[in-house]
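# An overview of the molecular structure
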Amino acid sequence: MKRLTWFLSALLMLSMLLASCAPAATPTAAPAEPTAAPTQAPQEEPTKAPEVQPTKELSAAEIAAALPRKETLYFNGQQWGPVVCWNPYSSSCNNAMAISQGDNARVTMFETPYLYNMLDGKQYPLLADGPWSWNDAMTEITFKIKPAARWSDGTPVTAEDVAYTWYAHVKYNTSTGASNKDYIEAIEAVDPQTVVIKAKLDADGKAVNPLIVAAYVSSNYVLQKAWTQKLEERTGGDPAKFLTDPAEDVVYSGPYHKFYTDETKVVLVRDDNYWGKDPSMWGKLPAPKYLAHVIFKDNAAGTTALKAGEVDVSQQFNSNVQDLWLKDGLPISTYLPEPPYNIGASLPTAFYNLRSYGLDQVAVRKAIAIAVDYDTIVANAMTNQSATFKQVPRSLMNPTPGEQALYDREAVKSLQWEGNDIEGAKKLLDEAGIVDTDGDGWREYNGKKLQYVATCPNGWSDWQAAIEVVAAAGKKIGIDITTNYPEWSVYQTVVTNWPLPETGYDIFMMWSAGAGPTMPWGRIRNLLSSEFAETTNNWTGNWGGYKNPEVDELIKKIPTMTDQEEIKKAYTRLVEIYLTDVPSFTLMYRPQSFHTVYEGVWTNFPHQGDGTNPPVPPLNLTDGWSIAGLYNLKLVNP
Amino acid sequence: MIHTLRQVFRSGKFVTGFVIFVSLLLIVLIYPLLVPDDPLAIIGLGTFFPPGIYVNVYDSVNVSPYTLNLPDATTKRIADKLGPKERQDMKEFLLAAGIPEEEIDIEDTAKLLDLWEKNYDPNKNIEGMTLAKMRYYQRLNNSLKGLLATEGLIVALPNAQTGQLEQVKVIEQSDYANINEVPNVRVLPLGTDNFGRDVLTELVKAAGVSLQIGFVAGLIATLIGLVLGLLAGYLGGMVDDIIMFFTNLLIVIPSFVLLILISFSIGQDKRGAITIATVIGFTSWVWTARAVRAQVLSLRNRDHVNLSRLSGHSTVYIILNDILPYIMSYVVMALILQISSGILAEAGLSILGLGPRTTEVPTLGLMMNWAMIYQAHVLGKWWAYLPVLVTIALITFSMNLMNTGLDQVFNPALRE
């Protein structure tokens, strides 16, 4: 009996040991040990093994389980679900803390030549040395690489790396390659420090789109040539394998890298040899040693953690955020002290499926749009975390002063609407002959009842509430609108692949582009350009299938315009068309990122009037120029 | 019949349950007559207004005031803005600003405010002070403005021609408005929800809809269970085998899982309240069927049934006249249980987001769902979810009480 107990307990310990090896396979710090442990263990005395082994192997996991609070900056609202891979070429790694390319690229682990600052619209050098410049014909961009820039393996970052990254993007048709190759001819290294980006030229010898070429330098990572070649060798030139490689061995240039991940959290750790401590860049290391992101189930769980002081930087919608300091007295604040609390940058928009019955009629589209009570959406759905349409009249621009100045507000004033205009909407429909002919309370168009489903993904609370308000507006003007909330996994496949189903997606919500170097042109193109209409795998915009040759023409011309007056005229015309045709309508203004910070541990976060120059934007201290904020952080109680 | 009813109403448990249930039912029926508002009308611009009496500020300025000289009015007014905590916080700031401690007297309001006014600078950067704290002091400073003023507030209107402000009236600090004279007063006993809807009006409507759902679901489930149970029990043989095969099959599958799957596949655009009720009904009849069958099995060989059969009565006649009356009490009890579990099932489904589509009618489950989506439980907005929970609990509790009461009357084993 005693022997049996001993045997059983030994077996139990052995199995615990084996089980404990599983997560330890991920940390890069101990690559050799996990394979050694199982073979070793049986030879040793089983009682001894569990005591010695786990302390050695689980170090990363154990540290991650109880990170030193004063060295860790906690996030929420960025990472949903576990990390899949660390491959910066892939767009399906679900690795929000490390990989996110775009207008405000996330530069924690990988770096871009320049950092975009949404507050002043400028690009500041990171890997690059000094500003970039066009040649006289505006066909080539030239910039230099900082001599101090180093990869994590100690080798210098060179112009070759920039050129080869582009080469790989095109060769393997990554999303970066696909979306830029119509505008960029080639990226070449003139010498080890000098990069030249050659724009694609049109028939007249001018750059097809200089805006996109210029945006490339702050939106896309530079990746190491040597590592990329290693990856190519490993995957044998197969694009599918190239893009799905987990890339645990990736070489990076940024200040942070992988420390630990599992289903519950992601932890990045600072690289104390980071090149950026060179005086030519930051001159020091970022303050937090660890960047940690606990993976929460939903917004409510994230808010609870924020209230408990377990989250320092919250990138999620916290409803009634002001209650956190007004009612609960917590040391929590947002970028602005008063509503809308953040700087609006994108325009969450309700798209009409223009193939739905009756929605091809401008009168129906405009009637629904002017009947919607936007004040309720702003106050109730967004809990005032959006500017109202009284403050910022609708257009294609986001509420930042820079973009608002780009169109003539007065010229389109007569087309504006502030919403909740039930009588106006009814009149519009009556005049168009769309009336209730059979007396059931609902209007008919050519004898068929107008009946729509308004939809957005389930669980996206602010959008859901907004869609409810849209449906309520329909009821008031005699158009039967009901709501439906499919799961995001279903929703995204339906919405991004034309044709939309006949029912269920008549009015649906999607986002618009936020702030970036190509804005507002890029946003307008996404919303209105026919190049995205009726396409599949469309993650860009114009999901309702709107086509207008005049709009296409303007969108094509604007990037090559240089005269400010001409540009303003073109933008004003676009806004005019948008407000006349109403192919979609903005429901609220939304910040680029929500930026709510907890000051129980760290302080000196970016906020309005914080005196930083250039100003640090409220983008969670990870995106674009906002990473400068990581160097300003201080401990509340050092 | 009268005797049975008298017996039933002698059971304390039944009567308690019955009274609760009937009062709920009466509220559901009478309240809409008193408050005829649309239960889904969005009245509040903002989320989760707390319960209370809302007096129109514009109107109360316009009613003719009464002067009341209440001794502690000023004290209360000051205490509202400047409580012990605020005084302590002000002291902390003044200390940090370099004022010696002996000069700060937090009890003397006038002196404290004077000191504050002289030393507070919103742009002053005090070492180690967080942004949250700085903003707190800015808000505090704003709320203190004019705190000690004794003169009234001036109401002014812009002149239509010149655009200059012209004094309309002065509101003295001792002016009071009688709430009965203010034309616009709205009582929101349970505040508003995340959409700015009156929670009480919505709750009453929702309770009604949920009861409807419960009744429909309960009736369908009981009816199916009763018919199948009667047929299986009385006819026996092949019919019994087939019916029991399906019943047993459904028993093994948890009915809530089945409910989730069916609701999901129907799609939200087609899920009305009655559709959901029907689905609930069609997934919860199995236990009734089995129980009825067991009862019928024991009944069908009784002498009076055999006699009836010998007299040449048809099967339907025998089932209706010789069997059904004997299990009626059981069926009524089963129905009550089915109704209450139907209400719970709807609530469960709606919390998962699989309930009836919104925008048409509120249900108890949908109210819970939205309260949770908007984090009422995290933010401490109890009025958005607690009354809903209490209502659900009251309905099911009253029905279960009635059921237990009936059981005590009809079940000989439990009779005292």
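Residues numbered from 1 in each chain as written. Chains lettered and ligands numbered in written order. Predicted model: local features only at pLDDT ≥ 70, side-chain atom pairs only at ≥ 80, totals over all residues. Heavy atoms only, no water.

### Comments concerning the interface of chain B and chain A
Each partner contributes residues to the interface: chain B has 28 residues there, and chain A has 44 residues. Taking both sides of the interface into account, the surface hidden between chain B and chain A amounts to around 3000 Å²; carbon and sulfur atoms contribute 54%. Applying the counting rule to chain B against chain A returns one salt bridge. Between D323(A) and K381(B) there is a salt bridge, and its shortest N-O distance comes to 2.6 Å. For the pair chain B and chain A, the interface holds twelve residue pairs in polar contact (both at pLDDT 80 or more). Of all the secondary-structure elements, those providing two or more residues to the side of chain B that touches chain A are α7 (131-144), α15 (364-373) and α16 (376-379) of chain B. The leading source of residues in the side of chain B that touches chain A is α7(B), at four residues. Residue composition of the side of chain B that touches chain A, by class: eleven nonpolar, eleven polar and six charged. (Contact = heavy atoms within 4.5 Å. Buried area = accessible area lost by both parts, 1.4 Å probe. Salt bridge = Lys/Arg side-chain N within 4 Å of Asp/Glu carboxyl O. Polar contact = N/O pair within 3.5 Å; in protein donor to acceptor, adjacent residues only side chain to side chain. Helix = DSSP H or I, 4+ residues; strand = E, 2+ residues; numbered from the N terminus. Nonpolar A, V, L, I, M, F, W, Y, C, P; charged D, E, K, R; others polar.)

### Points about the confidence of the model for chain B
Per-residue confidence for chain B gives a mean pLDDT of 86; residues scoring 70 or more make up 97%. Averaged pLDDT values over the elements of chain B bottom out at 78 in helix α10 (residues 255-266) of chain B and peak at 94 in strand β1 (residues 52-55) of chain B. (pLDDT = per-residue confidence, 0-100.)

### Concerning the sheet that holds strand β5 (residues 140-145) of chain A
Residue and element names in this part refer to chain A. Pairing in this open sheet of four strands is antiparallel, and the strands run β4-β5-β7-β6 from one edge to the other. Only two strands of the sheet have a single partner each, and these edge strands are β4 (128-134) and β6 (184-191). Averaged over all pairs of adjacent strands, the angle between strand axes in this sheet comes to 15 degrees, irrespective of strand direction. With five bridges connecting them, β5 and strand β7 (residues 194-199) associate as antiparallel partners. The residue of β7 that forms the bridge with K144 is T194. This element, helix α5 (residues 159-171), spans β5, β6 and β7 of the sheet and lies at about 160 degrees to β6. Set on the sheet, helix α7 (residues 210-219) makes contact with β4, β5, β6 and β7; between it and β4 the angle comes to about 175 degrees. (Pairing = 2+ DSSP bridges. Axes fitted to C-alpha atoms, helices over the stretch in contact; angles between N-to-C directions.)

### Thoughts on the sheet that holds strand β1 (residues 72-76) of chain A
All names here are of chain A. Strand order in the open sheet made by the seven strands is β8-β9-β10-β1-β11-β22-β12, with mixed pairing throughout. Whereas interior strands pair on both sides, the edge strands pair on one side only; in this sheet they are β8 (256-261) and β12 (332-334). Relative to strand β11 (residues 313-314), β1 is paired through two bridges, and the arrangement is parallel. Across the sheet, the residue bridging to F75 is V313, located in β11.

### Some thoughts on the state of the cysteines
All names here are of chain A. Summed over the entire model, instances satisfying the criterion amount to one disulfide over all chains. Across the disulfide from C85 sits C93; the S-S distance is 1.8 Å. Taking the torsion about the sulfur-sulfur bond, which here is approximately -100 degrees, the covalent link between C85 and C93 counts as left-handed. This pair shows no difference in class: C85 is buried, exactly as C93 is. (Disulfide = S-S within 2.5 Å. Buried < 20%, exposed > 50% of the residue type's maximum accessible area, 1.4 Å probe, protein only.)

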